[in-house]
There are 2 protein chains.
Amino acid sequence: MDDPVLLTGAGGRVGTAILDGLADAYDWRLFDLEPPSPSSLPAGIDESDVYVGDVTDRGAIGEAVEEVSAVIHLAGDPRPKAPWDSVLTNNIDGTHAVFEAAATADVETVAFASSNHAVGAYETDARTPDMYRTDDDYRLDGSELPRPANDYGLSKAAGELIGRRFHDEYGISVACVRIGNLTQGHPPVEYERGQAMWLSYRDCAHLFDRCLQADYGFEVVYGISDNDRKYYSIERARDVLGYDPQDNSAEYTFAGEPRE
Amino acid sequence: MDDPVLLTGAGGRVGTAILDGLADAYDWRLFDLEPPSPSSLPAGIDESDVYVGDVTDRGAIGEAVEEVSAVIHLAGDPRPKAPWDSVLTNNIDGTHAVFEAAATADVETVAFASSNHAVGAYETDARTPDMYRTDDDYRLDGSELPRPANDYGLSKAAGELIGRRFHDEYGISVACVRIGNLTQGHPPVEYERGQAMWLSYRDCAHLFDRCLQADYGFEVVYGISDNDRKYYSIERARDVLGYDPQDNSAEYTFAGEPRE
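Now for a look at the structure at hand. Quick caveat, the model's predicted, so the values are computed rather than measured. (Residues numbered from 1 in each chain as written. Chains lettered and ligands numbered in written order. Predicted model: local features only at pLDDT ≥ 70, side-chain atom pairs only at ≥ 80, totals over all residues.)

1. Regarding the relation of the copies chain B and chain A
Then step 1. Mapping chain B onto chain A leaves a residual RMSD of 0.0 Å; the transformation is a rotation of 180° accompanied by 0.0 Å of translation along its axis. Between the two chains, the operation in question is that of a two-fold axis.
Then step 2. Interface overlap between copies: 100% of the residues of chain B at the interface are likewise at the interface in chain A, consistent with a symmetric, same-surface contact. (Least-squares fit on C-alpha atoms with pLDDT ≥ 70 in both. Contact = placed C-beta atoms within 7 Å.)

Structure follows, in structure tokens:
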């Protein structure tokens, strides 16, 4: 991929994981609300690759998307308890603005950071905590209808709909990644749900790399490591994207230490 | 149902069909952007039952929903080609406001006017026009993921997500009715797609009556008459809601005349 790849929300946690693993792999263009400090920029990315703006600003996102081959769209309000007003604007309208700009600029591929919260209401009282445990074989696989348990999750499910629409109308390859619990170093401690849906930084970077490299139409996949505790299937990501995760929360103790 | 039923968007086409058939059946409370002329009000509904406001106005919708037992939510921009800004505000934010008000007021049931446009992109070049014809057995049944072909359809699919969320969190019974082509008197003329998804006025009123009377949790159903040409299944509406349509576009000629 010779043309630049635009990374919106570049300064957030997912953006950090992606750049940690893939700074050298692409010609990055970073977009975020605030400029990063020059010293925090990965080697090979300089200030001219940085665009500062709000994704809901059509002029700003339109400029940033010019002549890019792909977009990884992460920008939005990341708080699971974010109020409706914020996710309506930042996540729903912002995602529509990004896809519209991508369509206008003939971008080939958009990978969209959806969330486990898009399906949070499958975690009913009757299913939990069993579904978070290794011996339970309940699985969501991405073909199910969303069931958001909060407005943030609703906004992410709406973002998937936006992706579907722009794929169908413009032929953009769209991967919606329902990201689990992304933490650096080790899985969340004493939090079974987080261990079930852990995504390591290196698996995160690898998965988005696959979203940029693989050949597909419209996909909804789960973004988690290969955790023994998982209740999200990663088969679709393996089959279609070639995702090959290296990590598994079972390799760590509940205290976050690597097992012997 | 002794308490009032709130009908938002009461002055539109769907509201007119519902009131045509059910004016006497419920204690109606009408909500719309503009007041109806007093002479246009159905018998039994007087000016004190009329609330004028915008569904995105939380104060106005909160007042209208007080002490109602059920809501039929039709309000929104009904234009399939409506611009994104309008459907973002009127349809997505407006629907969220209505469900939030309904949850706050402990409303038991909300029937939401979704649309065939929520799944319009299933009508691919490869499937059409065959799918509109009697001898084709392609069927959508409401369990499929939405595939909107325009921003209006996207907003309706987002409204279904909102309904799902408020059902899961508050236990509201929510029926999302993907309304087909609602026309008075006879099916659309020389328009195969419209004949396939025709909904007569009396079947429309009957279907929303069933949404108010039946016992269910969260449902997505198709709102069409029992057309020979249909590509939307009405089995779920029959089974869960007790929908028993009386009309069929095949009983009319292509010119809109009843067949002998």
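2. Considering the sheet that holds strand E1 (residues 5-8) of chain B
Residue and element names in this part refer to chain B.
Then step 1. Strand order across the open sheet formed by seven strands is E3-E2-E1-E4-E5-E6-E9, with parallel pairing between neighbours. The sheet is open, and its two borders are formed by strand E3 (50-52) and strand E9 (218-223), each paired with just one other strand. Recorded for the sheet is a direction-independent mean angle of 20° between the axes of neighbouring strands.
Then step 2. In the sheet, strand E5 (residues 109-115) pairs with strand E6 (residues 173-179) via seven bridges, with the strands oriented parallel. (Pairing = 2+ DSSP bridges. Helix = DSSP H or I, 4+ residues; strand = E, 2+ residues; numbered from the N terminus. Axes fitted to C-alpha atoms, helices over the stretch in contact; angles between N-to-C directions.)

3. Side note on the sheet that holds strand E5 (residues 109-115) of chain A
All names here are of chain A.
Then step 1. The parallel open sheet is built from seven strands, whose spatial order is E3-E2-E1-E4-E5-E6-E9. Looking along the sheet, the strands with just one partner apiece sit at the ends: strand E3 (50-52) and strand E9 (218-223). Each neighbouring strand pair of the sheet contributes to a mean axis angle of 20°, computed without reference to strand direction.
Then step 2. Pairing geometry for strand E1 (residues 5-8) and strand E2 (residues 28-32), over four bridges, is parallel.

4. Looking at the pairing of E1 of chain A
Consecutive side chains of a regular strand alternate in pointing toward one face of the sheet and then the other.
All names here are of chain A.
Then step 1. Burial along E1 is two-sided: Val5 and Leu7 facing one way and Leu6 and Thr8 facing the other are all buried.
Then step 2. By the bridge criterion, four bridges tie E1 to strand E4 (residues 70-73) in an arrangement that is parallel. Residue pairing in the sheet places leucine 7 in a bridge with isoleucine 72 of E4.
Then step 3. Each parallel crossover has a hand, and for E1 linked through helix H1 (residues 13-22) to E2 it is right-handed. (Buried ≥ 20, exposed ≤ 12 C-beta atoms within 10 Å, placed from the backbone. Right-handed = clockwise from strand over helix to strand, strands pointing away.)

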